[in-house]
Amino acid sequence: MFAAAAICILVVMALALARAFLGPTVCDRILAVNMFGTKTVLLIAVYGFLTGRPDFLDIAITYALINFIGVIAVLKFVEGIADSEQQPRPDEF
Amino acid sequence: MLYFSLLFAVLFGFWLLLSGFWDNGLLLGLGLASSLFVAWIGTRLQSPEQENGYSLGMLLRLPRYLVWLVVAIVKSNIDVVRRVWDPLNQPITPVMGRLPVSQRTSLCKTIYANSITLTPGTVAIEVSDTDVQVHALTRDAFADLAGGEMDREVSRLEVGAGHRRSSPNGKGQA
Amino acid sequence: MDLLPPLFPDLLLDLLSMALLIGGVFLSISGAVGVIRFPDFYTRLHAAGVTDTLSAGMILAGLMLQAGFTLVTVKLLFILIFLWYTSPVASHALARAAMHTRVEPAEAEVIDADQGDESSAN
């Protein structure tokens, strides 16, 4: 049961990777990477149960935190570059 | 003070959970010290002029809201999944629009915006003092949100924390 | 949920947790298909939201039923709280960054008041 769930999660991760390759914008790629990260958290949790080693959950918790902070950091970076490239910003947003 | 205690309790609970040692004096002491230190820093980060909106009453009303939110999330999940698998009968009709925000404290505004984003089908893009820009997957999802049920549920959280719908004070937050 | 195990036979518990896992995995795949299939960035954001919320919740709930009332369950609960707490912030930051990098919402009708006329672009 856990093995089947793990394989399905891997399929989902592959689909997310496909979106990351397809793009087309940088935000699509970050979205895909974020999704890949949350699926990784679930995969680690399921894998911990699959092998009967619940210690893996600590890794999953840490991964969830790092994934979140990483995505936010990359987004800040992208946003900063976009804002500095296009100096005259319109006011509608 | 409430904010400090809450933050400290959560941090220390997290420490206990991750360490798993409940009877080691040194580890408990270190956890206590670091939790207190981080809670102190976190409290210092709060701006003192602006009421942050934490209150005991809100904490008591929170579980009821969370139950309501989970039900809303389940409903909108089903809707989005149906639109993924059945594009011919259930086409997507993306909508972008602005909705008013009636919450007074920045905490409840944040809760409202986060709830909008957490329910699939609607995403809060920018939040100002008075309104929130929302992108919705379907016109129905947007109309649901514009109906204001979620707005009312969140507003109910802060009833008693102060006067309802007084003039919006403080800075907007994103 | 954790008070249930002593009352129920193990088989029922297994079935329930299997149903939760299957449901969660199905939602995951639906979300991924949506991310592949939907036309523009903003709509994909909604599909990704499905995998972040209910799908993660169901999978972790299924695992919780297997773990019973132990520290493992509490850890799983913490993972769930983290995911539900961080995913809207990440989605919101993504949408904001997309706005700032001028990703245009394809075929989105713009409503300013409560109601508006259809004005689809694209």
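These figures come from a predicted structure and were not determined experimentally. (Residues numbered from 1 in each chain as written. Chains lettered and ligands numbered in written order. Predicted model: local features only at pLDDT ≥ 70, side-chain atom pairs only at ≥ 80, totals over all residues. Heavy atoms only, no water.)

Focus on the interface of chain B and chain C
Between chain B and chain C, the contact holds 37 residues from the first and 42 residues from the second. Counting the surface lost from both chain B and chain C, the interface buries some 3,500 Å², and carbon and sulfur atoms represent 72% of this. A per-residue breakdown of the area chain B buries against chain C is headed by B:Leu17, B:Val84 and B:Met96, which together make up 17% of the total. Scanning the region where chain B abuts chain C turns up one salt bridge. One salt bridge in this structure joins C:Arg96 and B:Glu126, with 3.4 Å as the shortest N-O distance. The interface formed by chain B and chain C includes ten residue pairs in polar contact (both at pLDDT 80 or more). Elements supplying a minimum of two residues to the side of chain B that touches chain C: α1 (2–19), α3 (56–85), β1 (95–100), α4 (106–118), β2 (122–127), β3 (131–136) and α5 (139–146) of chain B. Residue contributions to the side of chain B that touches chain C peak at nine residues, all from α3(B). (Contact = heavy atoms within 4.5 Å. Buried area = accessible area lost by both parts, 1.4 Å probe. Salt bridge = Lys/Arg side-chain N within 4 Å of Asp/Glu carboxyl O. Polar contact = N/O pair within 3.5 Å; in protein donor to acceptor, adjacent residues only side chain to side chain. Helix = DSSP H or I, 4+ residues; strand = E, 2+ residues; numbered from the N terminus.)

A closer look at the confidence of the model for chain C
For chain C, mean pLDDT is 79; residues scoring 70 or higher make up 80% of the total. When the elements of chain C are averaged for pLDDT, strand β1 (residues 109–111) of chain C gives the smallest value, 69, and helix α1 (residues 10–37) of chain C the largest, 88. (pLDDT = per-residue confidence, 0-100.)

Focus: the interface of chain C and chain A
With 44 residues of chain C at the interface, the matching set in chain A holds 43 residues. Of the roughly 4,000 Å² buried between chain C and chain A on both sides combined, carbon and sulfur atoms contribute 78%. Scanning the region where chain C abuts chain A turns up three salt bridges. With a closest N to O distance of 2.9 Å, C:Lys75 and A:Asp58 form a salt bridge. Summed over the shared surface of chain C and chain A, the result is eight residue pairs in polar contact (both at pLDDT 80 or more). Elements with a contribution of two residues or more to the side of chain C that touches chain A: α1, α2 (41–67) and α3 (71–100) of chain C. The element that contributes the greatest number of residues to the side of chain C that touches chain A is α3(C), accounting for 16 residues.

What to know about the environment of A:Phe49
Of note, A:Phe49 is situated in helix α2 (residues 26–50). On the basis of relative accessibility, which here comes to 17%, the residue A:Phe49 falls in the buried class. Setting aside residues up to four positions removed in sequence, A:Phe49 forms contacts with A:Phe2, C:Leu63, C:Gln66, C:Ala67, C:Val72 and C:Leu76. (Buried < 20%, exposed > 50% of the residue type's maximum accessible area, 1.4 Å probe, protein only.)

So, the packing of α3(B) against helix α6 (residues 149–158) of chain B
All names here are of chain B. Between α3 and α6, the shortest axis-to-axis distance is 8 Å and the interhelical angle comes to 160°. Taken together, the axes of α3 and α6 lie roughly antiparallel to each other. For the pair α3 and α6, the crossing hand works out as right-handed. Together, Met58, Arg61, Leu62, Arg64, Tyr65, Trp68 and Leu69 of α3 and Glu149, Met150, Glu153, Val154, Arg156, Leu157 and Glu158 of α6 make up the contact between the two elements. Residues that form the contact of α3 with α6 fall into these classes: eight nonpolar, no polar and six charged. (Axes fitted to C-alpha atoms, helices over the stretch in contact; angles between N-to-C directions. Parallel < 35°, antiparallel > 145°, perpendicular 65-115°, else oblique. Left-handed = near helix turned anticlockwise from the far one by under 90°. Nonpolar A, V, L, I, M, F, W, Y, C, P; charged D, E, K, R; others polar.)

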